[in-house]
Amino acid sequence: MNCTRSLLLARVLAALAPRSPAPLSPSALHTASAGLFRSKHASLGQRATRLPSRCFHSSARRPDAKPAPSSEPSDQEGESSHTGAGKTLVTYEDLFERAARDSRTKATFTRVLEVFCKEDVRRRGHVEFIYAALKKMPEFGVEGDLSVYNKLLDVFPKEVFVPRNYIQRMFNHYPRQQECGVQLLEHMENYGVMPNVETKVLLVQIFGEKGHPMRKYQRLMYWFPRFKHVNPYPVPRELPRDPVDLARLSLQRIAGDLDARVTVYEMPSTDLSESGEDSSQLYVVGIQSPDQQTLLSKHNPERPVFVEGPFPLWLRKTCVYYYTLRADPLPPEEKVEEPVDPERSFFYPLELDLDLDRDLGDDDDFDVDEVEEGPVFALCMASSGDQATLSKWISGLQETNPILGRTPTVFRLNSGPREIQTSSEPERKEDQDLLQSRKMTQ
């Protein structure tokens, strides 16, 4: 201890010797050594309790220094310039609206994508832009085009959102961007668009092979080929534009009988009248199977038949309406049970006659609400649902079903979609008249 103290005193004397040529007093030496010990212990304590911290290097700044002038406008200047005359904030949806002023086509939609990619190399705001593009795709008619989806994926920056280690993969690296990629693939799934190899390459470049969008892609490629041909009655992707062909396709789907025959009773055509105006003739398309003809031939002529409709039928995004020719169910006293032909179906029996032993706890009563409906003799589709047009269908059916000439026909027609809109106009006028009369009384 004494040796250490003497060495420290010698260092103090060596440090103070060139500054003070005069000899130092013992009191000065004592105070210097005490201060040296205090500073030494303090520095040691600071080193022991100091935590590692990040250092930021910065240059010295004078108190009278001013910031250098910038070429970019400040926040206040930017706000004033945006809110000033002639300049407004533009959202991504407005970009598609401006492009749609001329035409809403695939070329216009892809042009907006190219403009966004060329504006900024960093693709800032790409997530909001992709959501806006997905929202506008049905308006441009590109919701079923695979090449457009691949161009939307190309908007993402490449090799930025790829996780570098297992920790980033575990904690959902860049969650907003991955969620946007999954939403894009779900949009493809909803419209039945199957990805291809280009889609896989883009997903690997953007999110890597272990990202959530890549897992969604793998699920799509696993289930889509298995469910592609599950429907035994598929609806064609492109529906026919001719109304007669569309009616023929719809009636064949409703009938479900391969022996049913489609008959066109009147074709649509346009003729010039004496005044020079175009008069369009309506079309009527009907379908009837041999079994329906047999049922109609056995119908009692004293009981009327009914023409009912219209009933809606959706084929993808197109809604068509059809009409039925049917009769009321037979009363119980006129029903005749015909024996079931055992050779009618070779796959499963149509009738079981089993002599099984019954227990006292067995309940033979079932609470089932059975609603009996009358037989349907024929179906048709017409361009107009009025009685004059449908009477042409009945007159055409009389050629193959002569019993209709002796059977009364009753038309039970509901108001169609166009008639519903027109019928609300007088009600609105009556409501306006009531409001005006109340105001006058007040």
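Residues numbered from 1 in each chain as written. Predicted model: local features only at pLDDT ≥ 70, side-chain atom pairs only at ≥ 80, totals over all residues. Heavy atoms only, no water.

Caption draft 1: Summary view of the sheet that holds strand E5 (residues 305-315). Strand order in the open sheet formed by six strands is E1-E4-E7-E6-E5-E8, and the pairing between neighbours is mixed. Only two strands of the sheet have a single partner each, and these edge strands are strand E1 (261-266) and strand E8 (409-413). Between one strand and the next, the sheet's axes are offset by a mean angle of 30 degrees, whatever the strand orientation. Of the strand pairs in this sheet, E5 and E8 are connected by five bridges, and their pairing is parallel. Its bridge partner being in E8, Glu308 is matched across the sheet by Arg412. (Pairing = 2+ DSSP bridges. Helix = DSSP H or I, 4+ residues; strand = E, 2+ residues; numbered from the N terminus. Axes fitted to C-alpha atoms, helices over the stretch in contact; angles between N-to-C directions.)

Caption draft 2: Unusual backbone geometry, seen in detail. A cis geometry characterises the amide bond from Gly309 onward to Pro310, with omega recorded as 0 degrees. A positive phi angle is found at Tyr174, which is not glycine, with a value near 50 degrees. Along the chain, Tyr174 turns up in the loop between helix H8 (166-170) and helix H9 (175-190). Notably, Arg316 is not glycine yet its phi reads approximately 60 degrees, a positive angle. As for its position among the elements, Arg316 is in the loop between E5 and strand E6 (318-326).

Caption draft 3: Quick peek at the side chain of His126. Tracing the chain through its elements places His126 in helix H6 (residues 126-140). Apart from residues no more than four positions distant in its own chain, His126 is found in contact with Phe116, Val155, Phe156, Pro157, Phe161 and Gln177. (Contact = heavy atoms within 4.5 Å.)

Caption draft 4: Expanded view of the pairing of E6. Inspection of the sheet shows E5 paired to E6 by eight bridges, in the antiparallel sense. Looking at the pairing, Trp314 lines up with Cys319 of E6. Two successive antiparallel strands, E5 and E6, enclose a turn made up of two residues, where Arg316 displays a positive phi of approximately 60 degrees. Pairing analysis gives four bridges linking E6 to strand E7 (residues 376-382), with the strands arranged antiparallel. Each residue of the ladder has a partner; that of Tyr323, found in E7, is Cys380.

Caption draft 5: Geometry of the pattern of salt bridges. By the definition in use, this model includes 14 salt bridges. Taking the shortest distance from any N to any O, the salt bridge between Glu189 and Lys216 comes out at 2.9 Å. In this pair, Glu189 is assigned in helix H9 and Lys216 in helix H11 (residues 212-227), connecting sequence segments 27 residues apart. Note on Glu189: relative accessible area 33%, which makes it partly exposed. Residue classification places Lys216 among the buried positions, given a relative accessible area of 15%. A salt bridge links Arg326 to Glu308; the shortest N-O distance between them is 3.0 Å. Here the residue Arg326 occupies a position in strand E6, and Glu308 occupies one in strand E5, the gap between them amounting to 18 residues. (Salt bridge = Lys/Arg side-chain N within 4 Å of Asp/Glu carboxyl O. Buried < 20%, exposed > 50% of the residue type's maximum accessible area, 1.4 Å probe, protein only.)

Caption draft 6: Examining the packing of helix H7 (residues 146-153) against H9 more closely. With their axes 11 Å apart at the nearest point, H7 and H9 run at an angle of 175 degrees to one another. Classified by the angle their axes make, H7 and H9 are roughly antiparallel. Between H7 and H9, the contacting residues are Leu146, Tyr149, Leu152 and Leu153 on the first element and Leu184, His187 and Met188 on the second. Split into classes, the residues belonging to the contact of H7 with H9 amount to six nonpolar, one polar and no charged. (Parallel < 35°, antiparallel > 145°, perpendicular 65-115°, else oblique. Nonpolar A, V, L, I, M, F, W, Y, C, P; charged D, E, K, R; others polar.)

Caption draft 7: Region of interest: the side chain of Glu266. For Glu266, the location among the structural elements is in strand E1. The buried category is assigned to Glu266, whose relative accessible area is 17%. Within the local environment of Glu266, its side chain forms a polar contact with the side chain of Lys392, the two groups lying 3.4 Å apart. (Polar contact = N/O pair within 3.5 Å; in protein donor to acceptor, adjacent residues only side chain to side chain.)

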